[in-house]
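# Understanding the architecture of this molecule
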Amino acid sequence: LASGVATAKVDQTFPHIDSNNGRHALMVDGKPYLILAAQTNNSANYAAALPDVWPVVEQMQANTLVIPVAWEQVEPQENAFDFSFVDTLIAQAREQDVRLVLLWFATWKNNAPHYAPSWVKLDNQRFPRVKTEDGKTLNSLSPHYRSTLEADKKAFVQLMRHLKKVDRERTVIMVQVQNEVGTYGSARDYSETAEEIFQQPVPQKLLTDAGRKAGKEPGNWETVFGEDADEFFHAWHIGRYVDEIAEAGKKEYPLPLYVNVALRNPFNPGQPGQYSSGGATDNVIPIWKSAAPHIDMISPDIYFRDHKTATRVMELYARDDNPLYIAEIGNDQPYARYFFDALGHGALGFAPFGMDNTKYSNYPLGAKTMDETVIKPFAELYRVFGAMGAEWAEISLNHRTWGFSEPVDTYSADKALWNAKGSDGEEKPEKDPEDNTQRQDLGDWTAEITYGRPAFWIEPPKGNSPASGGAVIAELGKDEYLVVGYHARVNFSPSKELVGEQYTFERVEEGHFDDGEWVFERVWNGDQTDWGLNFIEQPHVLKVKLATYKTN
Ligand code: N0T
């Protein structure tokens, strides 16, 4: 991956991202690392809140805590830095044996400068805000002023320098730069300063990298990008702003850096400004890639409950040039099963949001209240994948993987979110078993995943209530797959390559990994395999060997 940082000697034990033919892994302590995270609510970034955080991390069996560090708390007065919260956090994380991902809440936190210090957010002369086309001032800082960029950059550099000094154990493995950047209420800044820049030619780098307008004569934003000019301009300039901060931070301490995205609905996007304009929404990923080479990945925040939209988002953000990392996802039950889709797309990790006991809930995005029933669906998955995090991440870096989750949504209409309109499926009067069936061509074999049927016999799948099933399949070698499922039946049949052949499970082993080695526990056979692989109350880890045989 383009880290853009010329380090004299590369320390392989330092956190970094490895890529292999469009597959990716986060490397920590020299080994692939699967991020099984809990993200706190906002405002958990004070020592007083931490006792409400760790118990949930532990119950979830998370290996990583994702938590903010605010500009206002580290530089309350200009040039007077205070990293005592970071020190407390790191010390406690070590006691808990948990790694940290820090969120740099600064110029933009969901569009606004709320987390910037007072000396920034109250000084609109020195740190100007975005102006709308009709001259209103929005509470979103403009990306066009050196004064703002330099101030944020200076604080971020101090943070990274501090980590370098205090974190010899590398408890902090990654940092998010800003939070859901962009502007609500305007496609871009229309101030006089912004207008001047808008009239200038589109940077050649963008024209070359994005390739979209290849062959076009260089021109200004409007002549090159037409209707998209305002949004693309804002995205480019926020991307450049964030990149300069990232570059400076990496020079101090080259941790992997990423941005998270307030998504637009991929099926029904609306207009820039209705969603956070300038953030790396699906339509401007190439612009961001060009603008921000020091940002290792662009990571979606998923608050679409429905299967169709949640899985579409993953397809859009899992790219050869962009490892998928689920930077946030709602913590309510329907979202847990999307863990399987994320793994299928080779995700580096998964971070449900609002996992603490601070007695806040971001419902309707997430669960209404925090209790064991909220934690359990995630804990079930983390328990199994936590025991094989390094092995899974290694497999995922080097082998093909496919993920599935139950496709028929079961949550009630009142839980559908306001911006999910247009993506929710229509109610069907009759239930068709095909709706609860997914098929995937794996090459020689085709996998079939069905949901909500008894383990024994061929009853058609009715779906689970609530929808909760999923499975992930990794190709280990010829005719050999690793399969982990939950509330689902997984079966295999010959693809066209093998059609007409007699076939059977040659051997299905249940087991686990120990230090990279597969440890066999027992063979699944008889009722456990006669109708397919039935994953019922808990996920199991199976190694499946398929075979064909001749009858003459
Ligand atoms: C998220 C979180 C936190 C489908 C919301 C989501 C977090 C931020 N913002 O609790 O504030 O810091 O990144 C915005 C979702 C907009 C509506 C999406 C409906």
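Residues numbered from 1 in each chain as written. Predicted model: local features only at pLDDT ≥ 70, side-chain atom pairs only at ≥ 80, totals over all residues. Heavy atoms only, no water.

### Observations regarding the packing of helix H6 (residues 192–199) against helix H9 (residues 229–252)
It is at 11 Å that the axes of H6 and H9 come closest, and there the two elements cross at 100 degrees. Comparing their axes, H9 and H6 come out roughly perpendicular. Here Ala194, Ile197 and Phe198 of H6 come into contact with H9, specifically with Ala229, Asp230, Phe233 and His237. Of the residues contributing to the contact of H6 with H9, the split by class is five nonpolar, one polar and one charged. (Axes fitted to C-alpha atoms, helices over the stretch in contact; angles between N-to-C directions. Helix = DSSP H or I, 4+ residues; strand = E, 2+ residues; numbered from the N terminus. Parallel < 35°, antiparallel > 145°, perpendicular 65-115°, else oblique. Contact = heavy atoms within 4.5 Å. Nonpolar A, V, L, I, M, F, W, Y, C, P; charged D, E, K, R; others polar.)

### Section: the domain arrangement of the chain
Split into domains, the chain comes out as domain 1 (16–400) and domain 2 (428–549). One C-alpha centre belongs to domain 1, the other to domain 2; they are set 35 Å apart. The partner domain 2 presents 26 residues to the 18 residues of domain 1 that form the contact. With both chains or domains summed, domain 1 and domain 2 bury close to 1,800 Å², and 64% of this area falls on carbon and sulfur atoms. For domain 1, the biggest contributors to the area lost against domain 2 are Phe340, Glu391 and Arg400; these three give 33% of the whole. On inspection of domain 1 and its partner domain 2, the count reaches one salt bridge. (Domains from an automatic or database assignment. Buried area = accessible area lost by both parts, 1.4 Å probe. Salt bridge = Lys/Arg side-chain N within 4 Å of Asp/Glu carboxyl O.)

### Observations concerning the sheet that holds strand S20 (residues 502–514)
Pairing within the open sheet is antiparallel, and its six strands lie in the order S14-S17-S18-S23-S20-S21. Looking along the sheet, the strands with just one partner apiece sit at the ends: strand S14 (401–405) and strand S21 (517–524). Adjacent strand axes in the sheet meet at a mean angle of 30 degrees, parallel and antiparallel pairs treated alike. Strand direction decides the pairing type here: strand S17 (residues 470–477) and strand S18 (residues 480–486), joined by seven bridges, are antiparallel. Residue Ala474 lies in a different strand from S18, and its bridge partner there is Leu482. Along the sheet, helix H14 (residues 372–386) makes contact with S17, S18 and strand S23 (540–549), crossing S18 at roughly 155 degrees. Where helix H15 (residues 389–398) meets the sheet, it contacts S14, S17, S18 and S20, and its direction lies at approximately 65 degrees from that of S17. (Pairing = 2+ DSSP bridges.)

### Here's the deal with the packing of aromatic side chains
The geometry of an aromatic ring pair comes down to the distance between the two centres and the angle between the two planes. Taken as a whole and judged by the stated rule, the model has 25 aromatic pairs. Ring plane angle 50 degrees and centroid distance 5.8 Å describe the contact between Trp104 and Phe156, whose orientation is recorded as tilted. Linking Trp104 in strand S6 (residues 99–109) with Phe156 in helix H5 (residues 146–166), this pair joins segments that are 52 residues apart in sequence. Look at Phe156 and you get buried, because its relative accessible area is 0%. Between Tyr481 and Phe492, the aromatic rings sit 5.6 Å apart at their centres with planes inclined by 20 degrees, giving stacked as the arrangement. You can see Tyr481 sitting in strand S18 and its partner Phe492 sitting in strand S19 (residues 488–494), a full 11 residues away along the chain. Of the aromatic side chains, those joined through ring pairs into one cluster are Phe339, Phe340, Phe350, Tyr382, Phe385 and Trp392. Against the face of Phe267 rests Lys308, its NZ or CZ located 4.3 Å from the ring centre. (Phe/Tyr/Trp six-rings, centres within 6.5 Å; stacked < 30°, edge-to-face > 60°. Buried < 20%, exposed > 50% of the residue type's maximum accessible area, 1.4 Å probe, protein only. Lys NZ or Arg CZ within 6 Å of the ring centre and 35° of its normal.)

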